[in-house]
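# Working through the structure, step by step
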Amino acid sequence: MTLTLYNTLTRRKEEFKPLDAENVRMYACGPTVYDYAHIGNARPIIVFDVLFRLLRHVYGEAHVTYARNITDIDDKINNRAAEEGVPISDVTTRTTAQFHADVAALNALEPSVEPRATGHVPQMIEMTERLIGKGHAYAAEGHVLFNVPSMAEYGRLSGRSTDEMLAGARVDVAPYKKDPMDFVLWKPSSDEQPGWDSPWGRGRPGWHIECSAMAKEHLGEVFDIHGGGIDLTFPHHENELAQSRCALGHDHMAMVWMHNGYLQVEGRKMSKSEGNFLTINDLLAQWPGEVLRLQMLMTHYRQPLDWTETRCREAQALLDRWYGLIADGEAGAGELPAAVFKALADDLNTPAVITEMHRCADAGDIAGLTAAGRMIGVFGQSLESWAAWRPEGLELDEAQIAGLIDARNAARASKDFAEADRLRDELAAMGVALKDGPEGTTWEIAR
């Protein structure tokens with residue numbers, strides 16, 4: 001079956017044809033490690049993890065390379081270290097470890113390679129020298145800048161006019177710039193800032209050249225897919241594309257550019273000033289990671305996503321039901337249902353996958369349900385560990401709960417419904433939800 005993906009560069013869905021089916025290569029921009037990753041950062045992690053799983057399913061695990069970088073050279077990191085009065089390495093080590101723990105809880109596979117900017121500065125210098133040698137960059141007052149007018153197709157990826165790009169880039173005014181749009185490849189470092197020796201003096205790379213150099217090092221001069229959030233389309237990805245094409249002399253950096261849509265929270269833009277800024281780590285204290293993952297996959301990756309508590313509850317209810325069916329069915333994963341593959345092959349249509357999982361569950365196709373879930377990255381644990389999950393800070397005395405349930409059942413048997421309702425409310429206040437069924441009363445964590 002044909003795999004089609006939406007290509008931001010061409011503004012259409014296209015049949016995916018890898019440059020080399022024996023070595024399918026994908027790059028996605030990873031975190032800048034200065035703080036906890038927020039829920040918006042989680043969306044591309046999940047989206048491109050699903051794509052990674054799909055590519056491995058189609059081409060074989062040994063034939064797919066997924067590079068997701070760590071940006072550990074950045075002024076935000078420098079500023080955070082200065083605020084805390086600690087070495088920069090303390091900030092990057094701590095936040096990288098936290099990022100890894102958070103994405104593991106989201107059941108994301110580890111990428112094939114995770115390059116760090118600090119490990120690739122010589123490659124960044126070498127690419128900058130190439131750009132200067134080809135007339136696409138120039139040195140000025142310790143800086144090196146990319147000369148935007150030297151590339152005729154600059155702006156094609158984002159589809160923006162020059163005026164829009166000037167506004168979107170928040171251009172720094174500097175007397176040494178030849179053009180207002182020119183952006184930094186290399187900049188000088190003070191004694192307090194991290195720096196490396198270069199032909200232009202001690203300094204550090206700009207953000208955009210970091211990804212160009214790391215992608216080239218691990219995936220080659222031209223590769224198959226470059227992904228990230230839509231907020232990175234301009235200026236970051238536009239600048240990556242310009243640098244790589246001009247330095248290496250190719251028509252493409254990546255054949256397909258993919259971008260997931262924006263995320264908002266409860267209908268509003270997420271921001272600290274709005275009081276709705278959510279980190280992955282904060283949410284993992286309230287919900288299992290697979291709930292966060294499934295909620296995101298309920299919306300097509302290219303569409304805006306509204307993060308709501310109601311949707312989390314919906315995802316939790318689905319997973320509770322599905323985990324129970326899998327345990328009852330005692331079936332391993334079977335063949336991936338054709339309808340699931342068809343949906344994923346149509347530009348990662350995960351909402352259609354979830355619809356098919358409903359059909360499998362209703363039809364008793366437990367093997368198909370399991371295979372579909374694992375393809376999108378759920379069902380990563382046993383029913384016992386799933387059922388044992390508790391929100392952070394919630395302490396439950398199971399003997400006390402059993403006693404209150406017995407008391408409620410006795411009240412119901414004696415038709416003292418007021419007392420039965422009071423006991424249900426007492427349990428609800430403890431974070432316990434009751435389910436009455438033919439075989440008696442069971443309980444679970446209230447959401």
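Before reading further, recall that the structure is shown in the block above.
In what follows, the accompanying structure is described. This one's a predicted model, so the numbers in the text were calculated from it and none came from an experiment.

We now examine helix H1 (residues 39-59). With 21 residues, H1 ought to run about 30 Å at 1.5 Å a step, and its terminal C-alpha atoms sit 30 Å apart, in line with that. The buried fraction of H1 amounts to 16 of the 21 residues, a majority that puts the element mostly inside the structure.

Moving on, we get to helix H15 (residues 398-413). Helical geometry note: an α-helix holds 3.6 residues per turn, so side chains three or four residues apart project in the same direction. If you check H15, its first and last C-alpha atoms are 22 Å apart, about what 16 residues at 1.5 Å a residue would give, namely 22 Å. Considered for burial, the residues of H15 that qualify are Ile401, Leu404, Ile405, Arg408 and Ala411. For H15, the angular spread of the buried residues around the axis is 120 degrees, confining them to a single face. What points out from H15, more than 90 degrees from its buried face, is the exposed set Ala399, Asp406 and Ala413.

Attention now moves to the side chain of Gln295. For Gln295, the location among the structural elements is in helix H9 (residues 289-297). The contact partners of Gln295, leaving out residues within four places of it in the chain, are Leu305, Asp306, Trp307, Thr308, Arg311, Cys312 and Ala315.

The full count for this structure, using the stated rule, is eight aromatic pairs. Here Tyr27 and Phe223 contribute two aromatic rings whose centre-to-centre distance is 6.5 Å and whose plane-to-plane angle is 50 degrees, an arrangement assigned as tilted. Of this pair, Tyr27 sits in strand E3 (residues 24-28) while Phe223 sits in strand E9 (residues 223-229), and the two are 196 residues apart along the sequence. Look at Tyr27 and you get buried, because its relative accessible area is 0%. Overall, Phe223 belongs to the buried group, its relative accessible area being 1%. For the ring pair Tyr323 and Phe379, a centre distance of 5.4 Å and an interplane angle of 85 degrees mean the geometry is edge-to-face. Placement of Tyr323 in helix H10 (residues 309-329) and of Phe379 in the loop between helix H13 (366-375) and helix H14 (383-388) is noted, with a sequence separation of 56 residues between them.

It is worth spelling out the nonpolar core at this point. Leu55, Trp307 and Trp322 are the most contacted members of the largest nonpolar core, which has 78 residues in total. Those residues in contact with Leu55 that sit more than four places away from it in its chain are Leu3, Phe16, Val24, Met26, Gly60, Val64 and Ile225. With 41 residues, the next largest nonpolar core counts Tyr154, Met165, Met181 and Ile209 among its residues.

Attention shifts here to the environment of Glu290. Its place among the elements puts Glu290 in helix H9. Separated by 183 residues in sequence, Glu290 and Asn107 have C-alpha atoms that sit 6.8 Å apart. Here Tyr323 takes part through its side chain, which lies 3.0 Å from a polar atom of the side chain of Glu290.

Scoring rules and cut-offs
Residues numbered from 1 in each chain as written. Predicted model: local features only at pLDDT ≥ 70, side-chain atom pairs only at ≥ 80, totals over all residues. Heavy atoms only, no water. Helix = DSSP H or I, 4+ residues; strand = E, 2+ residues; numbered from the N terminus. Expected span 1.5 Å × (residues − 1). Buried < 20%, exposed > 50% of the residue type's maximum accessible area, 1.4 Å probe, protein only. Arc of directions from axis to C-beta. Contact = heavy atoms within 4.5 Å. Phe/Tyr/Trp six-rings, centres within 6.5 Å; stacked < 30°, edge-to-face > 60°. Core = buried A, V, L, I, M, F, W, Y, C linked by side-chain atoms within 4.5 Å. Polar contact = N/O pair within 3.5 Å; in protein donor to acceptor, adjacent residues only side chain to side chain.

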